[in-house]
Structure formats: C-alpha cells, structure tokens
Amino acid sequence: MNILSVASEIFPLIKTGGLADVVGALPLALAGHHMPMRTLVPGYPAVMQKLGDARVAADFDDLLGTPARLLAARYADLDLLVLDAPELFERTGGPYTDATGKDYPDNWRRFAALSRAGAEIARGRLADWRPDIVHAHDWQAAMTAVYLRYTGLQHVPSLVTVHNLAFQGQFGADIVPQLGLPPEAFSMEGFEYYGDVGFLKGGLRTAWAVTTVSPTYAREITTPDYGMGLDGLVNDRAADLVGIVNGIDTTIWDPANDRHIARPYTRSTLRHRAVNRQALVERFGLDDDDGPIFCVVSRLTWQKGIDLIAELADWIVAEGGKLVVLGAGDEALEGSLLAAAARNRGRISLVIGYNEPLSHLMQAGADAILIPSRFEPCGLTQLYGLRYGCVPVVARTGGLADTIIDANEAALSARVATGFQFTPVSAEGLRQALRRVFHAWREPKTWTRLQNQGMKSDVSWEKSADRYANLYSSLLLRA
Ligand code: ADP
C-alpha cells in the first residue's frame, strides 16, 4: 500500500512546530508495516539546500499560475517529493511569514499549489509511482482532499489530520476563480465557509476520514468552546473522526544518547542529570543553589498559557523556584517575561528565539516543564519531558490530559503518576499545581519515583503507528 503524505513542514528539513516532528516521524514509524510513505513538501530554500542528487519526477507548465517541478529525493531516511516552484517558495522569511513576521499575502496560492500537486500525484503524474491513499496535514495541505473530490479522483481515499484547529487557512472569496476548481466546489459541501474560502474547512468536509492528534482533543473539538467555529462540521464528521496521540522519535530524543546534552543518563544513572542541571544553570546564568528549576520550551502565545506563567513568575521565585524559558512569539508576552527576568536576576532567565539543541539541554537539566496550555491538540514537549525525567506540569486538556498521569494520592501510591495536571486553566489553577510540585520536590523519594515512572512511559510511535496503519487499511477496504 503506497501512501502519499502532504505537508508544509517536515523535520529535520523545516520545522516551526510539532507538525514537522509528526510528519517526519510517521514514515519511519510505519516502516514495519509495509506501507511505504512518500512526503510531498514545498521547496523552501531550507529544503532545496539540503537536497543532494534530486531527480525531476514531474513537470507542471502551469500550477495555479506558475511553472513548477516535482523533485524526488531521499533525506535522512525520508522519501521526499519536493515541490520546486521558486515563485511560490523561494523566499527569505519563514515557511508562512516574511522576515518581519507578516503572513505572505499569497499563502492561499502557495498552499493551494501544494495541495493541487498532491492531487496530481494521485492522478498518476509520476511515471513510476502512484499512491493508494493520500494523507494531508493541516490547512496548508487540506485542499488536497478538495482537489481529489472535485477533479475526478473521489475514488482515492483521503485523510486529513488536524494538528491545530486554530489555524484554518481562511481567505476572501475573490481567490475562488484562481483555484482551478469547478464552481460547485465553492459550496457548503466543499470549501466555502460563511461566504469565504476555508482550506481546512474544505478538507474536513471532503476527506474520507479525519484524525486529530489525541482522543481528548477529538472530543473537545466537537464542542463550541474548542471547535473554533468548525464544531458543527466536526460533529457532522464524528463517525469518521479519530484521535491518535503523537509519539516522539525516541532516537532523536534519547537521554542515553543525545549529543546536545552535557552528560548522558538513563533511569539507573539519574544522578548524572545533575551535570546537565549544572550546564543549564551556567547557560542561563542562574544562581547555583537548591530549589526546582522549571523550564518552558514553547511558542510564546495565549494558546500556550504563557501569560499565566508571567503572572506567577515572581511567586515561583518567592517559593524558591527558578524559571528558564526558551521561545518566541507574542511581543507582549515576551515583554512580560523579560520584565520578570529583570526583576529576578539569577532566578528567571530567557532565551528568545528558536534553538533545537538548547531545547534538549533544557529537558535534560530542568526539574520540571510547565505547559499550561488553554488548548493543546497533542503537545510534544510533555512527551520529551517524560523521556528525560523532566516532570511535566500540564493543563488538563487535549493531548496533555491523555499523556500525563496526575500525581494524586491514588496514582502516587499505585506508582503510576508521571506528572501534574491542573484545571481550571488559570493562574490560580497553575498555582495550586505548583504548590503540589514544590511539596513533591521536597520529598526526594517521591520526586525520583515520578521521574522514573515518566521515563518508563511508552512515548514511542509504536502504538500510534499501528493505529494509523489500521486506519489506512480500513480506508483501502472502503475503497
Ligand atoms: P506546537 O506545535 O503547538 O507549537 P508542540 O508541543 O506540539 O506545540 O510542538 C512544539 C515543538 O517545537 C516541540 O518539538 C518543541 O520542542 C519545539 N519548540 C517550540 N519552541 C521552540 C524553541 N523556541 N526552540 C526550540 N524548539 C522549540
């Protein structure tokens, strides 16, 4: 069974968030299932530079108004199809925004072209390969399902995975004539969304099946509170909706073998973690004394509850804790964290920016990771935390609720607790959880047990890859 995955990011070539990790890990996780997966991604400069001997696999004279080619290449065990369309993707900024952080005005064309290319591959545009199933990720690829449905390929099973319903790819109706779709596609049954164009909406409406990245988030998005305006449609598709929790690449995230950390360790050599903690203290210029070090590795946004952390920062220090933050995002949130750091030199420290190696050291050296998200489709950093003995403190929502077992009395005595959950997601809720964290920290036996139990959790792709494999098989049966 051949599978085409279509996505706007793939680790290790180009990443802005968890989407890239999943798209990069899934083909490898499926390796044992005889389901070869090729991934179609845009030819951003970061991708083109890393391609070695790519082969031209197809040519388009006019792909939504621009010439384009498909290049076939292998990179880090990934089987890639790269959409080489310089007019769309050869830019100096990020994948979605220019150097100043502004969305590219032609994002609709860039990602409609990606989706169209995905559908053309399914039509048989490559001489030697054709997918049996097409799996599209997020709004940037969701239109693939629409192109399949409305260009004579409705017999090709399609799957859309929602990594975050907050990003929907909405555009004005003026682009409709340029999408190369028949008029009936711009309807409730297609990609029309309250008179506008909704890329994700179209994908959710037309895909054979829909997945999201945790069972709890799959339930949450059927409600108005989490549905982001699409809960009606999500409810409509409930019979074809499943939540499959993400795994992590346990070879890249492996405290026993991680070149980004100061000293490798395992469950039986947890004491070596102290070397990483020391490295973290030095890297962030913290005072060298006792008390838990909390870390945050995150986009700094409202979704991630970063304002709650800023609100509690002084209190955390007053309680004897320290805080290190790696992230970038909302300027106001960056500002309030920077102000907290200025008030608490040696206790709170920030690195603004994106730094993959440092994110490893933080998981290896900090004592706990804070993830107070208001909603969280899956979340990956709590999984890294489990694997590295960096105890997760999480909001009880989405994938966070599904992957962390709260250290309540019962779970502690049954020796299954792996972290701390809290609700409601408010500063007060987080404060209550942190009180429990400080308490557990003062009991080294309890703390070590929490770390151990976390490190024993299965955060690999194995079970989830089975679920995707079963889903692909069931789609093929339906076909
Ligand atoms: P989201 O995709 O919503 O941003 P996830 O938790 O699913 O959140 O995934 C975030 C991914 O990005 C994780 O791999 C995390 O380690 C990484 N990450 C986030 N911010 C940074 C940063 N500033 N530097 C390095 N890695 C980061």
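Residues numbered from 1 in each chain as written. Predicted model: local features only at pLDDT ≥ 70, side-chain atom pairs only at ≥ 80, totals over all residues. Heavy atoms only, no water.

Visitor: What is the right way to look at the overall build of the protein chain in this model?
Guide: Along the protein chain, the regular secondary structure elements total 19 helices and 18 strands. Taken over C-alpha atoms, the radius of gyration comes to 23 Å for the protein chain, in line with the 23 Å a tight globule of 479 residues would show. Here the protein chain holds 479 residues, and 60% of them are scored as buried. Here the contacts in the protein chain between residues at least 6 apart in sequence split such that 72% fall between residues at least 24 apart. If you sum the accessible surface of the protein chain, you get close to 18,600 Å²; carbon and sulfur atoms cover 51% of it. Between the averaged position of the 46 positive side-chain charges in the protein chain and that of its 54 negative side-chain charges there is a distance of 5 Å. (Helix = DSSP H or I, 4+ residues; strand = E, 2+ residues; numbered from the N terminus. Rg over C-alpha atoms; globule rule 2.2 N^0.38 Å. Buried < 20%, exposed > 50% of the residue type's maximum accessible area, 1.4 Å probe, protein only. Contact = heavy atoms within 4.5 Å. Areas by Shrake-Rupley, 256 points an atom, 1.4 Å probe, with all protein chains shown as cover. Lys, Arg positive; Asp, Glu negative; His and termini not counted. Charge placed at Lys NZ, Arg CZ, Asp CG, Glu CD.)

Visitor: Mind showing me how you'd approach the environment of Gly32 here?
Guide: With respect to the secondary-structure elements, Gly32 resides in the loop between α1 (18-29) and β2 (37-42). Looking at Gly32, the relative accessible area reads 64%, which means it is exposed. A C-alpha to C-alpha distance of 9.5 Å links Gly32 and Asp466, two positions 434 residues apart in sequence.

Visitor: In this structure, what is going on with the sheet that holds β2? I would like to understand it.
Guide: Sheet strands pair by backbone hydrogen bonding; their relative direction is either parallel or antiparallel. If you walk across this open sheet you meet the nine strands as β3-β4-β5-β2-β1-β6-β7-β11-β12, and the pairing is mixed. Each of the sheet's edge strands pairs with one partner strand only, and the pair in question is β3 (55-63) and β12 (241-243). On average, each strand axis in the sheet is inclined to that of its neighbour by 20°, with strand direction left out of account. Where strand β1 (residues 3-6) meets β2, four bridges bridge the pair, whose relative direction is parallel. What sits directly across from Leu4, in β2, is Arg38. Here helix α4 (residues 107-123) sits on the sheet and contacts β1, β2, β3, β4 (66-75), β5 (78-84) and β6 (133-137); the angle it forms with β2, its principal contact strand, is near 150°. Where helix α6 (residues 199-206) meets the sheet, it contacts β7 (158-162) and β11 (209-212), and its direction lies at approximately 135° from that of β7. (Pairing = 2+ DSSP bridges. Axes fitted to C-alpha atoms, helices over the stretch in contact; angles between N-to-C directions.)

Visitor: Just to check I follow, could you spell out the packing of helix α17 (residues 427-441) against helix α18 (residues 444-456) for this structure?
Guide: Axes are the key here: two packed helices are described by the angle between their axes and the distance separating the axes. Their axes nearest at 6 Å, the elements α17 and α18 cross at an angle of 110°. Looking at the two axes, α17 sits roughly perpendicular to α18. The residues of α18 that touch α17, namely those facing Val437, Ala440 and Trp441, are Pro444, Thr446 and Trp447. Residues that form the contact of α17 with α18 fall into these classes: five nonpolar, one polar and no charged. (Parallel < 35°, antiparallel > 145°, perpendicular 65-115°, else oblique. Nonpolar A, V, L, I, M, F, W, Y, C, P; charged D, E, K, R; others polar.)

Visitor: What's the story with the domain arrangement of the protein chain in this structure? I'm lost.
Guide: One frequent convention defines the size of an interface as the accessible area lost when the parts assemble. The domains assigned to the protein chain are domain 1 (3-247 + 462-478) and domain 2 (270-456). The centre of domain 1, based on its C-alpha atoms, is set 33 Å off from the matching centre of domain 2. Each partner contributes to the interface: domain 1 provides 19 residues, whereas domain 2 provides 18 residues. Here domain 1 and domain 2 share an interface that buries about 1,300 Å² over both sides, 60% of which is from carbon and sulfur atoms. Area buried by domain 1 at its contact with domain 2 is led by Lys15, Thr216 and Asn246, which between them contribute 25% of it. Linking domain 1 with domain 2 are one salt bridge, by the criterion used here. Here Glu356 ties to Lys15 by a salt bridge, and the two come within 3.5 Å at their closest N and O atoms. Looking at the side of domain 1 that touches domain 2, the elements that each hand over two or more residues are α1 and α7 (215-220). Looking at the side of domain 1 that touches domain 2 element by element, the count peaks at four residues for α7. Partitioned by chemical class, the residues of the side of domain 1 that touches domain 2 number nine nonpolar, seven polar and three charged. (Domains from an automatic or database assignment. Buried area = accessible area lost by both parts, 1.4 Å probe. Salt bridge = Lys/Arg side-chain N within 4 Å of Asp/Glu carboxyl O.)

Visitor: For this particular structure, what's the right way to read the site of the ligand?
Guide: Surrounding the ligand, one finds 19 residues, the nearest of these being Lys15, Gly18, Arg299, Lys304 and Gly353. In the environment of the ligand, an oxygen atom lies 3.0 Å from a nitrogen or oxygen atom belonging to the backbone of Leu380. Interatomic distance of 3.1 Å between a side-chain N/O atom of Tyr384 and an oxygen atom of the ligand. When the free accessible area of the ligand is taken as 560 Å², the share hidden by the protein chains comes to 92%. Top element by residues in the shell around the ligand is strand β13 (residues 293-300). It accounts for three residues. Here the residues of the shell around the ligand sort into five nonpolar, nine polar and five charged. In this structure, the shell around the ligand is formed jointly by two domains, domain 1 (3-247 + 462-478) and domain 2 (270-456), each of which donates at least three residues. (Near = heavy atom within 4 Å. Polar contact = N/O pair within 3.5 Å; in protein donor to acceptor, adjacent residues only side chain to side chain.)

Visitor: Where do I start with the packing of aromatic side chains in this structure?
Guide: One pair of aromatic rings is described through two measures. These are the centre distance and the angle between the planes. Per the stated rule, a full pass over the model turns up 16 aromatic pairs. Pairing Phe294 with Phe438 gives two aromatic rings, centres 5.6 Å apart and planes at 80°, and the pair type is edge-to-face. Separated by 144 residues along the polypeptide, Phe294 in strand β13 and Phe438 in helix α17 bring together distant segments of the chain. Overall, Phe438 belongs to the buried group, its relative accessible area being 2%. Members of the aromatic cluster, connected to one another through ring pairs, are Tyr44, Phe89, Tyr96, Phe111, Trp139, Phe171 and Phe199. Residue placement shows Arg91 over the ring face of Tyr104; its charged tip is 4.9 Å from the ring centre. Lying over the aromatic face of Trp315, Arg431 brings its terminal NZ or CZ to 5.3 Å of the ring centre. (Phe/Tyr/Trp six-rings, centres within 6.5 Å; stacked < 30°, edge-to-face > 60°. Lys NZ or Arg CZ within 6 Å of the ring centre and 35° of its normal.)

Visitor: Quick question: what am I supposed to make of the side chain of Asn344 here?
Guide: On the secondary structure map, Asn344 appears in the loop between α12 (331-343) and β15 (348-352). If sequence neighbours within four positions are ignored, Asn344 has contacts with Asp314 and Val317.

Visitor: How should α18 be read in this particular structure?
Guide: Side chains three or four residues apart in an α-helix point the same way, a direct result of the helix having 3.6 residues per turn. Its 13 residues give α18 an end-to-end C-alpha distance of 18 Å, which sits within 8% of 18 Å, the value for a rise of 1.5 Å per residue. Within α18, burial applies to Thr446, Trp447, Leu450, Gln451, Asn452, Gln453, Gly454 and Met455. (Expected span 1.5 Å × (residues − 1).)

Visitor: Where do I start with the nonpolar core in this structure?
Guide: Burial of nonpolar side chains together is a common tendency in soluble globular proteins. Counting 81 residues, the largest nonpolar core has Leu40, Leu179, Phe199 and Leu204 as the members making the most contacts within it. By size, the runner-up hydrophobic cluster in this structure holds 74 residues, among which are Leu337, Leu383, Val391 and Phe438. (Core = buried A, V, L, I, M, F, W, Y, C linked by side-chain atoms within 4.5 Å.)

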